[in-house]
Structure formats: structure tokens, C-alpha cells
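Coordinates in review
Chain by chain, the residues run as shown.
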Amino acid sequence: MAETSSIDLKLTNVCLPGQADRWQVAIDQGKIVEIAASILTPAITTLDAQGKLLLPGLVDAHIHLDKAFLLDRVQWHTGTFSEALQQTAAAKRSFTLEDIQARARRVIEQAIGFGTTAMRSHVEVDPMIQLTGLKALLPLRDEYAWGLTLQLAVFAQEGITNLPGTEALLRQAMALGGDVIGSAPYVDPEPEQNIRIVFDLAQDFDCDVDFHLDFLDDDAPLLLPVVIAETQKRGWQGRVCLGHMTKLAGLPPAELSAIAHATATAGISILALPSTDLYMMSRRDTHNTRRGVAPVHTLATYGVNTGVATNNVQNLFTPFGDGDLLKLCTLLAQVLHLNTAMSHEQCLAMATTQAAQAIGIPNHGLAPGNTADLVLINATSVTEAIGAAPVDRTVIKQGRIVAQSQRQQTLFPTR
Ligand SMILES: [Zn+2]
């Protein structure tokens, strides 16, 4: 009789999203090989999940590692977007490589503990910071590969046509190892030219595109039609991701329907960034304040690939948060009035499988053949996981347990 070879890791007593009963999951050579009620193949390591919920690894499709944790060095009075932009640009002048790395490490290590197994960080490149941010983050991409897959999106936050030398710097940054190219066209006096320059760079370096787009609640026209047209003209379907898109929240249903169809046809992904957008939008409203979060649940019904992401951690754009995507799912579900078990599962997909699709991470999800990037949550359903974002988590990256967190509490009752 042939000897049965062992698999690397077996999870037992696992709950799965939307499924009854307990399951077993076999993992070998970094991949999920089987999900079944009972797996007889012996494993080198067996982990009894004790009924915990297994989810695909969380994917943070949009974060800024280089400007996280800045509240100790900025002045804030109005809390407005213009103040955040101006104060952060001023703070950026004193960023050093070591300083950026220290703040980025703090975010990355927290994120790994929360169960984030992939992340796209924007990294600012402009005549002020030049390539310092990228040079700080490039080594961390390799250093933390054991815990998360880090993509670096070279990002022109201050505009391109208005700042001579920026385009050349973006080009240098891509040559140095940037994975993705992006910008914030709304700060550029020539936003459409800004968009075309970014697409030119994407074609030259054969990389994905990521814009901060249609942010704020001013009267500037939507730039989404420009991005849709350029995406199709250049054959970049499936390679474009857009963050914020807060202006879509203000569109009447018929207009939203038309642009959602066009966005889906162009294969463009849209990410809501609710912790920033709720905080930054609608500052001029005197009462009954609008929310200003992209209606990603509605866009999804038109076939748009949608996601939810962190954006910022404790800076003037978003003074709150810790980079836990599960907590952002809680927030998004509240803001978008997601009120069924199925809508909660869709919300979670926006932070896992759909987020992975948005940033081009292949083979992500709970199915045999996919990468074993997983997180065990102390909950029995997705609704419960989103409801409380439990602290207790076990994180698996490419089949290896990379982090475990446990809540500690001691009660001292009177006798
Ligand atoms: Zn951003």
C-alpha cells in the first residue's frame, strides 16, 4: 500500500460564511487543496478552529503608509480638506526615510495582526518629497512579504501639470520599482491632462492605474467619464481602480445607473473610503448633513467591482482608525444601511475577494486552488464578524500561521 503523504496544515471545526455545519480545510504548499466535512489526509500541523469563522485574508486596497500617524506634528483648527492638504504638505517637508519606515511598520504590523494579507499603499512622489517615500517603502515590501503582499502605487498627490518636474519623478519612481501609477486629478488645474499623463505612464511601464477621483462635494464636473474613455481607448479594462468617488453619492438614480453601466463595461473598480469620506464631506451642510460615501452596494448591482478600504490612519484626512478592515466593514454596513445576512457577506467581499480583484491579486478566496491567505475570526457568521469586529484572530499567509491575537480581560467582582 502506498504511503499517504502529509499535507502542511489542516484546519478542523471551521465555520464558513453562509454555510451550516463545521468544515475542514486542507492546506499544502501555500494553497488551499480541499474544503470538506472530513479530510482524512494526515497533516504536519492541525489547528482546531473551535467553531471560529474562516474568511479570506483581508485586502486593504487603498492605504497611505507614508502619511500614517501624523497627528503629533500638525496643527488643526478647521478640520477641513484644504487644511489637511496644506498641513500634510508642510509636514511632508520634514519626513525622513527612517521616520516614514517607523510609521509604516506600525501600520503594517497592526494590519497583519488584524488579518490583512494584501495591501496597496499609495506613496507620494513630487518635487518636495521626491523619491524618499518610495525608497523608504520599497524595502518593507520584501521585509514583510511573510505577512502581507504589499503593492506600492506611485502617487502624485499635489498635481502634475502644475508642478514642473513631477512627471519625470513619477517616471523615475516607476523605474525604481513602483508597482502601480496614480494621481489625484482634482488638485490639478488641468485634471484631464493629469489623467492622460498617468495613463501614458501606465502604458510605458505596463502597470495598473489607481486614481483618487471625484472626491469632495464641490461643483466640479465628474471626471469618471474621462477615465472610462481613456480606459477603453488604451485597452486598460480590469486594470483601473478608483478611490473615493464621493460625488456618485450625490447623483440621482437615473444618472447613477447610466454611469454605473459604463463603469462596469470598462472593467473599472470603485472603492469606498468611508472613514475619510464621512469625515471630510458635506462640511458646508448646516443641518441634515449628507454622508458622501460612494454607493458601492448600488454600483455592485450594475456589475461594478467594488471595495472598501482604509485610506488613512490617524492623520488630518482621517484622524481615526487603526487599519482594521473588519471595523471598516462595520462602518460601511451602517452607513449604507446593509440589513441582511447576504448584504453583510457582500460587504465582507468588498474587503476580501473583490478588493483583491480591484488591485489585481489573483487566486484569492475560500476555494481549492487559491492561495491560503486566510483569517480565522472569533464569530460564527459574517453578520457577527462585521457586527463586533472581534479581536481574537488567527492569520494565515501562504499556508503559514503568521499572527495570533487574543483579547484579554479580567473582571474583579465584589464578593
Ligand atoms: Zn487615498
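All of these numbers come straight from a predicted model, not from anything done at the bench. (Residues numbered from 1 in each chain as written. Predicted model: local features only at pLDDT ≥ 70, side-chain atom pairs only at ≥ 80, totals over all residues.)

Describing the packing of helix α4 (residues 166–176) against helix α5 (residues 191–205)
Where α4 contacts α5, the axes come no closer than 11 Å and their chain directions differ by 30°. Between α4 and α5, the interaxial angle falls into the category roughly parallel. Where α4 crosses over α5, the two elements pack in a sense that is right-handed. Contact residues: α4 offers E167, L170, R171 and M174, while α5 offers I197, L201 and F205. In the contact of α4 with α5, the residues fall into 5 nonpolar, no polar and 2 charged. (Axes fitted to C-alpha atoms, helices over the stretch in contact; angles between N-to-C directions. Helix = DSSP H or I, 4+ residues; strand = E, 2+ residues; numbered from the N terminus. Parallel < 35°, antiparallel > 145°, perpendicular 65-115°, else oblique. Left-handed = near helix turned anticlockwise from the far one by under 90°. Contact = placed C-beta atoms within 7 Å. Nonpolar A, V, L, I, M, F, W, Y, C, P; charged D, E, K, R; others polar.)

Quick look at the domain arrangement of the chain
Partitioning the chain into structural domains gives domain 1 (7–56 + 366–405) and domain 2 (58–358). With centres defined by C-alpha atoms, the gap from domain 1 to domain 2 works out at 30 Å. With 19 residues of domain 1 at the interface, the matching set in domain 2 holds 23 residues. For the side of domain 1 that touches domain 2, the leading source of residues is helix α13 (residues 382–388), giving 5 residues. Here the residues of the side of domain 1 that touches domain 2 sort into 11 nonpolar, 5 polar and 3 charged. (Domains from an automatic or database assignment.)

Some remarks on the nonpolar core
Core analysis: the largest hydrophobic core is formed by 129 residues, its most contacted members being L54, V154 and C329. A total of 7 residues in this core trace back to one element, the largest contributor, which is helix α2 (residues 97–114). Of the residues that make up this core, three or more belong to each of domain 1 (7–56 + 366–405) and domain 2 (58–358). Filtering out sequence-adjacent residues up to four positions away, C329 remains in contact with V308, C347, L348, A351 and I386. (Core = buried A, V, L, I, M, F, W, Y, C linked by C-beta atoms within 7 Å. Buried ≥ 20, exposed ≤ 12 C-beta atoms within 10 Å, placed from the backbone.)

Details of the sheet that holds strand β13 (residues 306–308)
Sheets are built from strands that pair by backbone hydrogen bonding, the pairs being arranged parallel or antiparallel. Across the sheet, which stays open at both edges, the 8 strands sit in the order β6-β7-β8-β9-β10-β11-β12-β13 with parallel pairing between neighbours. Each of the sheet's edge strands pairs with one partner strand only, and the pair in question is β6 (58–63) and β13. On average, each strand axis in the sheet is inclined to that of its neighbour by 20°, with strand direction left out of account. Packed on one face of the sheet, helix α3 (residues 132–143) meets β7 (116–124) and β8 (149–156) and runs near 170° to β8. (Pairing = 2+ DSSP bridges.)

As for the pairing of strand β9 (residues 180–183)
Regular strands have side chains that alternate between both faces of the sheet. Residues V180 and G182 of β9 are buried on one face, and the alternating residues I181 and S183, pointing to the opposite face, are buried as well. Of the strand pairs in this sheet, β8 and β9 are connected by 4 bridges, and their pairing is parallel. Bridge assignment links A156 to a residue of β9, and that residue is S183. Chirality of the crossover, the property in question, places the unit of β8, α4 and β9 among those that are right-handed. Pairing between β9 and strand β10 (residues 208–213): 4 bridges, direction parallel. Pairing of S183 across the sheet is with F211, part of β10. Between the parallel pair β9 and β10, the chain is carried across by α5, and the sense of this crossover is right-handed. (Right-handed = clockwise from strand over helix to strand, strands pointing away.)

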